[in-house]
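These are the residues of each chain, in order.
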Amino acid sequence: MDTNYLENNYLTLVGKVTGEKRISHEIYGEKFYVFNIEIERLSGNADIIPITVSERIIKDEMLEQGKKLLVKGQFRSYNSYDNEKNRLILTVFAKDIIEVEENNEEENEFVKKDIITNEVVLVGYICKKPIYRQTPFGREIADILLAVNRAYNKSDYIPTIAWGRNARFCQNLEVGTKVKLVGRVQSRTYEKKYEDGKIENRIAYEVSVGSLEIVEENDTTAENKTENENQEAV
């Protein structure tokens, strides 16, 4: 049976443009740009998410500072080799972008009611043993690296993080287990320390898991193994 790769990986984001666009790469005369959008959390904090988009589906005026956009696409990864070191780079690959008019009350109501501002759905395979831990305050966390198949024999390797009961459940999952998860794309800052004492501030991107299911390979339905949780992490 043919795989529908669009069903393996799809997301919807609504946020405001922040920063300047920059050239990413060019393929057969088609240029791709990267820009950031800022998505507010319920906690009052915000995630800054990079978007990669073709010049053929975006207009320059749509990327002006503060413009509100609806982005539909996929959460993808690729390897970057810097100073002979391999680094996993994550970005949202936009397949469609729509400008949301701030002064259009009808449009804003549509966004509020029918479109979640940050949601990603992934179907893939656990490719590393999940790492389970507890914070000093007793919060349960599990780090899961998910391999999501893409067309042309490619895969995206997406770091995800589960909480609470989901984290406890994931710690016992074996490498190769196929799962479907729903969550949100989030950003966080951290410090990279080098042997010479130098400290570099970096931004990591990952999916915060809201719900997770094991997918049976011989069945088109998935058995829900966990309950949905409110995963609005600060």
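This section reports on the structure supplied with the text. The structure presented is a predicted model; accordingly, all values stated were derived computationally and were not measured.

Next up on the list: the overall build of the protein chain. Within the protein chain, the secondary structure is distributed over three helices and twelve strands. Residues classed as buried in the protein chain amount to 41% of the 234 residues present. Just so you have it, the protein chain exposes about 14300 Å², and 45% of that area is on carbon and sulfur atoms.

It is worth spelling out the environment of Gln171 at this point. Residue position: Gln171 is located in the loop between helix 3 (164-170) and strand 10 (178-193). Sequence-wise, Gln171 and Pro130 are 41 residues apart; in three dimensions their C-alpha atoms are separated by 5.5 Å. Beyond its immediate stretch of four places on either side in the chain, Gln171 contacts Lys129, Pro130 and Tyr132. A polar contact of 3.2 Å, which involves the side chain of Gln171, links it to the backbone oxygen of Arg168.

So, about the pattern of salt bridges. A full pass over the atoms with the stated rule returns ten salt bridges. We note a salt bridge from Glu140 to Arg168, for which the minimum N-O separation is 2.6 Å. Separated by 28 residues along the polypeptide, Glu140 in strand 8 (residues 140-150) and Arg168 in helix 3 bring together distant segments of the chain. In this structure Arg168 comes out as partly exposed when scored by relative accessible area, which is 39%. Connected via shared salt-bridge partners are Arg41, Asp47 and Arg184.

Before going further, it helps to spend a moment on the nonpolar core. Formed by 39 residues in total, the largest nonpolar core has its most connected members in Leu13, Phe35, Ile49, Ile51, Val71, Phe75 and Ile97. If you tally residues by element for this core, the top one is strand 11 (residues 199-215), at five residues. Residues contacting Phe75, with those up to four places away along its chain left out, are Asn9, Leu11, Leu90, Thr91, Val92, Val120, Asp156, Ile158, Val185, Tyr205, Glu206 and Val207.

Before going further, it helps to examine unusual backbone geometry. Of note in the backbone geometry, Tyr152 takes a positive phi value of approximately 65° without being a glycine. Here Tyr152 shows up in the loop between strand 8 and strand 9 (154-163). One non-glycine residue with positive phi stands out, namely Asn153, at about 60°. When you line up the elements, Asn153 lands in the loop between strand 8 and strand 9.

For the rest of this paragraph, the subject is the packing of aromatic side chains. All chains considered together, the criterion is met by one aromatic pair. Ring geometry for Phe32 versus Phe93: centroids 6.2 Å apart, planes at 35°, classification tilted. With Phe32 in strand 2 (residues 30-40) and Phe93 in strand 5 (residues 85-99), the pair connects residues that are 61 residues apart, well separated along the chain. For Phe32, a relative accessible area of 7% gives the class buried. Sitting over the face of the ring of Tyr33, Lys21 holds its NZ or CZ atom 4.3 Å from the ring centroid. Positioned over the ring face of Phe93 is Arg76, at 4.2 Å from the centre of the ring.

With that settled, the discussion passes to the pairing of strand 8. Buried residues dominate strand 8, accounting for eight of its eleven residues. Relative to strand 8, strand 6 (residues 118-126) is paired through two bridges, and the arrangement is antiparallel. Bridge pairing in strand 8 links Ile126 to Leu146. Bridge count between strand 7 (residues 131-134) and strand 8: four bridges; the pairing is antiparallel. If you follow Arg133 over to strand 8, its bridge partner there is Ile141. Hairpin connection, strand 7 to strand 8: the antiparallel pair is bridged by five residues, and Gly138 has positive phi, about 85°. Across ten bridges, the pairing between strand 8 and strand 9 is antiparallel. Looking at strand 9, one finds that Asn149 is bridged to Ser155. Where strand 8 hands over to strand 9, the hairpin turn is made up of three residues, of which Tyr152 adopts a positive phi near 65°.

Criteria and cut-off values
- Residues numbered from 1 in each chain as written.
- Predicted model: local features only at pLDDT ≥ 70, side-chain atom pairs only at ≥ 80, totals over all residues.
- Heavy atoms only, no water.
- Helix = DSSP H or I, 4+ residues; strand = E, 2+ residues; numbered from the N terminus.
- Buried < 20%, exposed > 50% of the residue type's maximum accessible area, 1.4 Å probe, protein only.
- Areas by Shrake-Rupley, 256 points an atom, 1.4 Å probe, with all protein chains shown as cover.
- Contact = heavy atoms within 4.5 Å.
- Polar contact = N/O pair within 3.5 Å; in protein donor to acceptor, adjacent residues only side chain to side chain.
- Salt bridge = Lys/Arg side-chain N within 4 Å of Asp/Glu carboxyl O.
- Core = buried A, V, L, I, M, F, W, Y, C linked by side-chain atoms within 4.5 Å.
- Phe/Tyr/Trp six-rings, centres within 6.5 Å; stacked < 30°, edge-to-face > 60°.
- Lys NZ or Arg CZ within 6 Å of the ring centre and 35° of its normal.
- Pairing = 2+ DSSP bridges.

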